[in-house]
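Structural characterization, general
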Amino acid sequence: MATPPVDSLPRETKVEAVASETKKAAAKQSLHYKLVITLYRVFAIVVLYLVLGGIVIYAFVMGFYAVNSSWAAPVILSAADEKSLDFREKLVTSQQTIEDLKVDTKKLDSGVAEMKKHRAALLALEPELQAAIVREQTHNQTAGPELATLDKQKLADNVTTQKVLAELNEVESNVNKDLAAGLITQGDAATQLVALNQAKDAYTDNKIAEVLLTDSVLDKTTIGTSSLNVLVKQAELRSEVAQLDVAINVAEKQLQEETRQVDRLHQAITTAKQSPYYLNAVGGQTLYFAFVPYDNRANAVGGSAVYDCYLNMILCRKVGTVKQIFPGEEQAIHPIFKTQIRGFLIQMNLDHAESAKSKTVFLGRKPVLF
Amino acid sequence: MAPILFWLILVLCLLISVVKYLMGIIMRLSFPGTKAKKDYTYEPTVSVLMPCFNEGKTVYETIESISKSNYPNDKFEVIAQDDCSVDDSYEWMLKAQRDFTNIRVRTGRNEVNSGKARSVCNALQLSTAEIIISIDSDCIFHPQAIRELTACFAEPRMGSVGGRVGVRNPNDSVITAIQTVVYYSAFELYKIPENWTRSVCCISGCLFAIRRELLLEIEPAIRARNWFGIPVNQGEDRFLTHQTLLRGYGTYINNDALCWTTVPTTLSVLFKQQLRWRRSIVRDFFFTLKTLPQHVWKLHPNTVLTLVLTPVGALVGFLVVVTALTSDPLAWAGPIPLITALAIGAVLTWVIKKYSAKEAVTHPLAFGAYVAWSLVSSLFLTPLALCTMDSADWGTRTKEQQEVSLGNATS
């Protein structure tokens with residue numbers, strides 16, 4: 001039997017049909033809403049639990065790294081690492097500087113030796129010069145007064161001779177008178193006159209001798225220019241020695257400084273050779289390093305085990321050991337807190353190369369029980 | 001591509017927040033056009049609708065403050081609608097009705113607990129006034145509030161006008177101090193650029209004036225609000241504002257219309273309140289996206305940007321905080337955010353003390369705690385809001401409280 005068309009139904013039936021349709025549509029919509037709401041609630045619960053879980057895990061990780069003291073952050077240094085290359089370059093420069101300093105040192109050494117030799121020679125002259133001066137002064141002290149006495153005596157003699165010469169003028173006159181009178185021959189007269197002339201000449205010589213003697217007395221009893229010249233020479237000698245002393249001192253200090261610099265550079269190179277960057281620069285094979293903050297120093301011991309974990313801090317396995325600890329300070333960014341921290345590098349022997357790429361590894365023991 | 005988009009949205013959100021505050025300062029100082037033309041001679045009839053749920057004696061104080069309004073007594077009335085309070089709120093309403101005979105106070109009760117939005121609609125049935133003012137039952141109103149609100153309706157295309165909400169208890173705790181600064185800056189700065197285009201996106205429900213015919217037009221939509229069949233009774237203020245804008249009317253905040261509310265004093269209550277607000281923002285965002293072409297054609301670009309970027313900012317804020325916590329977990333604990341917050345707090349508390357002494361914050365340093373609060377709110381509120389869209393719980397007045405009280409009432 002076919003269903004009659006709606007229009008052909010009585011009015012009550014039509015209203016009932018519309019109401020029924022509306023009810024059905026409302027029920028359908030209600031069902032649809034219920035489904036959406038149920039799905040939404042399931043989704044919301046999952047999301048909220050995920051968010052809650054994320055927050056709990058985040059807080060746990062933060063708390064864990066705030067108290068844990070065994071973590072280290074692996075560091076991969078490539079051969080072309082900027083710091084390593086820079087290190088190598090500085091090493092070469094340092095060695096070159098050492099060589100230059102050594103050459104300088106040698107030059108300075110020989111220069112100092114030469115100056116010392118010259119100084120010794122000058123110093124050897126000094127006592128001889130001093131002795132000569134003393135000798136001369138001693139001699140003058142004796143000869144001076146004697147010559148002064150003789151000078152006085154000579155002066156007296158010359159006065160006497162001058163008086164005699166005054167009488168000789170009368171004798172000369174008498175000789176001429178006698179010659180004119182023919183009392184004496186011309187030859188006698190000439191002989192007598194020559195004798196008289198000789199006497200005058202001797203007087204002149206005496207006067208000259210007296211002047212010279214006065215000079216000698218002056219030389220012996222006072223400081224003359226020649227004495228001063230000797231003193232000047234002595235002063236020059238001493239000055240030259242003093243200048244040499246200064247030059248030697250400067251050269252020796254420079255020598256000491258350069259020697260110290262060479263020592264320092266040697267020391268720096270020795271230290272540098274213990275650096276991971278040097279090892280990385282010269283080492284042919286892959287080396288594994290890790291940054292250890294100072295707070296975790298106690299666990300960074302040579303030979304202690306290195307653990308790597310699958311889920312940051314749980315499900316850990318031993319992946320190697322600590323090979324050596326480098327003394328130099330390093331600064332790094334905390335892998336979790338992202339703050340600048342201070343610490344040092346260690347070298348690790350890793351059996352699993354992949355662990356070098358982990359965010360953190362743990363030294364000495366597993367961070368949690370498993 | 002995704003990171004670029006992320007940062008682009010972040011920058012836009014920053015722009016819409018920081019730039020809006022700066023624009024607010026500039027406009028306050030130099031743009032008279034941001035202020036609506038007020039006509040104090042315009043005195044329409046007014047119904048003050050006061051939905052109430054478990055407010056106790058506060059209801060009486062609220063009605064008392066309204067009764068002191070500087071507005072012709074024969075031109076306004078109070079319609080207090082009790083939403084099945086389980087405390088003595090209704091008794092206080094009746095007492096207010098008896099005591100404040102200078103004005104007309106009418107009271108009503110919902111048959112079932114229906115939420116604030118529907119209580120307003122129920123109260124509306126009793127009203128015949130030209131202007132409807134919806135208020136919160138825990139607020140105290142300035143005597144000029146009604147006059148200030150109605151004066152703005154002199155502009156013919158003005159649909160809804162709000163007042164400034166101040167804080168009654170600024171120094172109860174660090175949390176109230178922070179809220180005082182946030183409320184003040186939001187009303188006095190953030191909303192100003194929106195005022196300029198008469199397109200405030202959310203007028204506070206504490207003091208919300210609307211033309212009667214407009215409210216009647218929107219009322220069916222209010223009553224029909226649901227989320228997949230679950231009635232929505234939160235965020236009616238944002239919804240009403242949005243609907244006003246979509247109907248081609250202007251919305252405006254008149255900062256001279258003042259009321260004071262008691263803000264949450266504990267973190268848990270504040271969190272619940274903020275969660276409710278965040279849900280409203282998210283719900284409003286979905287509505288905006290659903291009707292985006294209509295928005296683009298009808299509304300001012302400033303309004304569309306605010307409607308879109310404000311909720312996007314909340315979503316991006318969550319992503320930013322997650323990114324920050326995973327990439328630089330301690331950055332927020334550094335001195336820069338704290339110093340910035342303290343500096344902003346110091347300036348704003350000084351301004352509040354100077355211009356609104358009633359709300360003066362005694363410990364400006366309290367605003368430093370805003371750094372921690374912003375972190376908590378950005379991180380938790382948005383995901384929680386997104387995952388609890390089906391919640392009809394008001395939050396700050398719990399069902400447990402209701403049930404216990406009901407039990408007591410029955411006995």
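Quantities reported herein were computed from a predicted structural model and do not represent experimental measurements. (Residues numbered from 1 in each chain as written. Chains lettered and ligands numbered in written order. Predicted model: local features only at pLDDT ≥ 70, side-chain atom pairs only at ≥ 80, totals over all residues.)

Assigned secondary structure in chain B consists of 15 helices and 10 strands. A burial count over chain B gives 44% of its 411 residues as buried. For chain B, the proportion of contacts with a sequence separation of at least 24, taken over those separated by at least 6, is 85%. (Helix = DSSP H or I, 4+ residues; strand = E, 2+ residues; numbered from the N terminus. Buried ≥ 20, exposed ≤ 12 C-beta atoms within 10 Å, placed from the backbone. Contact = placed C-beta atoms within 7 Å.)

If you look at the biggest cluster of nonpolar residues, it comprises 79 residues, and the most contacted ones within it are Val48(B), Leu49(B), Val78(B), Ala80(B), Ile133(B), Leu207(B) and Cys259(B). Those residues in contact with Val48(B), other than ones at most four positions away along the chain, are Ile66(B), Phe76(B), Glu77(B), Val78(B), Ile79(B), Ile133(B) and Ile135(B). (Core = buried A, V, L, I, M, F, W, Y, C linked by C-beta atoms within 7 Å.)

This brings us to the environment of Phe362(A). Residue and element names in this part refer to chain A. The topology assignment puts phenylalanine 362 in strand β6 (residues 361-363). Judged by local crowding, phenylalanine 362 falls into the buried class, with 25 C-beta atoms found within 10 Å. Between the alpha carbons of phenylalanine 362 and valine 292 there is a distance of 9.9 Å; along the sequence they are 70 residues apart. When near neighbours in sequence (up to four residues on either side) are disregarded, phenylalanine 362 contacts Ser70, Trp71, Tyr307, Cys309, Cys316 and Pro367.

With that settled, consider the UniProt feature "transmembrane region" (unreviewed entry) in chain B. Residues and elements named next belong to chain B. UniProt records the feature "transmembrane region" (unreviewed entry) for residues 6-27, 304-325, 331-352 and 364-386 in the present numbering. Between the C-alpha atoms that bound residues 6-27 the distance is 30 Å, and the span itself is 100% helix and 0% strand. In the segment residues 364-386, helix accounts for 74% and strand for 0%; the C-alpha atoms at its two ends are 34 Å apart. (UniProt positions renumbered as here; feature names shortened; annotations may be inferred.)

Another aspect to go through is the packing of helix α2 (residues 82-181) of chain A against helix α4 (residues 225-272) of chain A. Residue and element names in this part refer to chain A. At a closest axis distance of 7 Å, the pairing of α2 and α4 adopts a crossing angle of 160°. Put simply, α2 runs roughly antiparallel to α4. Like other packed secondary-structure pairs, α2 and α4 cross with a definite hand, here left-handed. The class makeup of the residues in the contact of α2 with α4 is 25 nonpolar, 11 polar and 10 charged. (Axes fitted to C-alpha atoms, helices over the stretch in contact; angles between N-to-C directions. Parallel < 35°, antiparallel > 145°, perpendicular 65-115°, else oblique. Left-handed = near helix turned anticlockwise from the far one by under 90°. Nonpolar A, V, L, I, M, F, W, Y, C, P; charged D, E, K, R; others polar.)

Let's shift gears to the interface of chain A and chain B. Much of the literature gives interface size as the accessible area that the parts lose upon coming together. Taken together, the contacts link 16 residues of chain A with 12 residues of chain B. Residues belonging to the side of chain A that touches chain B are distributed by class as follows: 12 nonpolar, 2 polar and 2 charged.

Attention now moves to the UniProt feature "transmembrane region" (unreviewed entry) in chain A. Feature annotation in UniProt places "transmembrane region" (unreviewed entry) on residues 42-67 of chain A, given in this structure's numbering. Segment residues 42-67 of chain A splits into 100% helix and 0% strand. End C-alpha atoms: 37 Å apart.

Attention shifts here to the sheet that holds strand β1 (residues 71-75) of chain A. Residues and elements named next belong to chain A. Taken together, 6 strands build a closed barrel; the order of strands is β1-β2-β5-β4-β3-β6 and the barrel is antiparallel. Across the sheet, the axes of successive neighbouring strands diverge by a mean angle of 45°, strand direction being ignored. Pairing of strand β4 (residues 314-333) with strand β5 (residues 340-350) involves 10 bridges; the strand directions are antiparallel. Directly across from glutamate 330, in β5, lies its bridge partner glycine 343. (Pairing = 2+ DSSP bridges.)

Okay, the pairing of strand β1 (residues 46-52) of chain B next. All names here are of chain B. The element β1 is largely enclosed, with a buried count of 7 among its 7 residues. Neither face of β1 is left uncovered, since the one carrying Val46, Val48, Met50 and Cys52 and the one carrying Ser47, Leu49 and Pro51 both have all their residues buried. Of the strand pairs in this sheet, β1 and strand β4 (residues 131-135) are connected by 4 bridges, and their pairing is parallel. Its bridge partner lying in β4, valine 48 is registered against isoleucine 133. Here β1 pairs with strand β2 (residues 76-82) via 7 bridges, running parallel. Opposite methionine 50, over in β2, you have alanine 80 as the bridge partner.

All names here are of chain A. Looking at chain A, pLDDT values average 85 and 95% of them are 70 or higher. For chain A, helix α5 (residues 276-282) is the element with the lowest average pLDDT, namely 78, and β6 is the one with the highest, namely 93. Every residue in residues 1-6 is under pLDDT 50, and counting partners more than four places away or in other chains gives 3 contacts. (pLDDT = per-residue confidence, 0-100.)

All names here are of chain B. Running from amino to carboxyl end, helix α10 (residues 267-290) crosses helix α12 (residues 301-327) at an angle of 130°, the nearest separation of the two axes being 9 Å. As judged from the angle between their axes, α10 and α12 are oblique. Considering only the axes of α10 and α12, their crossing is left-handed. Residues Arg278, Ile281, Val282, Asp284, Phe285 and Thr288 of α10 lie in contact with α12, whose contacting residues are Leu307, Val308, Thr310, Pro311 and Ala314. Class assignment of the residues belonging to the contact of α10 with α12 gives a composition of 7 nonpolar, 2 polar and 2 charged.

Residue and element names in this part refer to chain B. Within strand β10 (residues 250-261), 9 of the 12 residues are buried, leaving the element largely enclosed by the surrounding structure. One ladder, built from 3 bridges, connects strand β5 (residues 139-141) with β10; its direction is antiparallel. Along β10, the bridge assignment pairs phenylalanine 141 with cysteine 259.

Attention now moves to unusual backbone geometry. Only a minority of non-glycine residues have a phi that is not negative, and only a minority of peptide bonds are not trans. The residue Lys338(A) is not glycine, and still its phi comes out positive at about 60°. For Lys338(A), the position within the fold is in the loop between β4 and β5. You will see that Arg198(B), though not glycine, has its phi angle at about 50°, which is positive. Note on placement: Arg198(B) falls in the loop between α7 (192-196) and β7 (207-211). According to the C-beta neighbour criterion, Arg198(B) is buried, with 23 such atoms within 10 Å.

Residue and element names in this part refer to chain A. Structurally, leucine 213 can be placed in helix α3 (residues 186-221). Along the backbone, leucine 213 and leucine 147 are 66 residues apart, and their C-alpha atoms lie at a distance of 6.9 Å. For leucine 213, the contacting residues outside a window of four places in its chain are Leu147, Leu150, Asp151 and Lys154.

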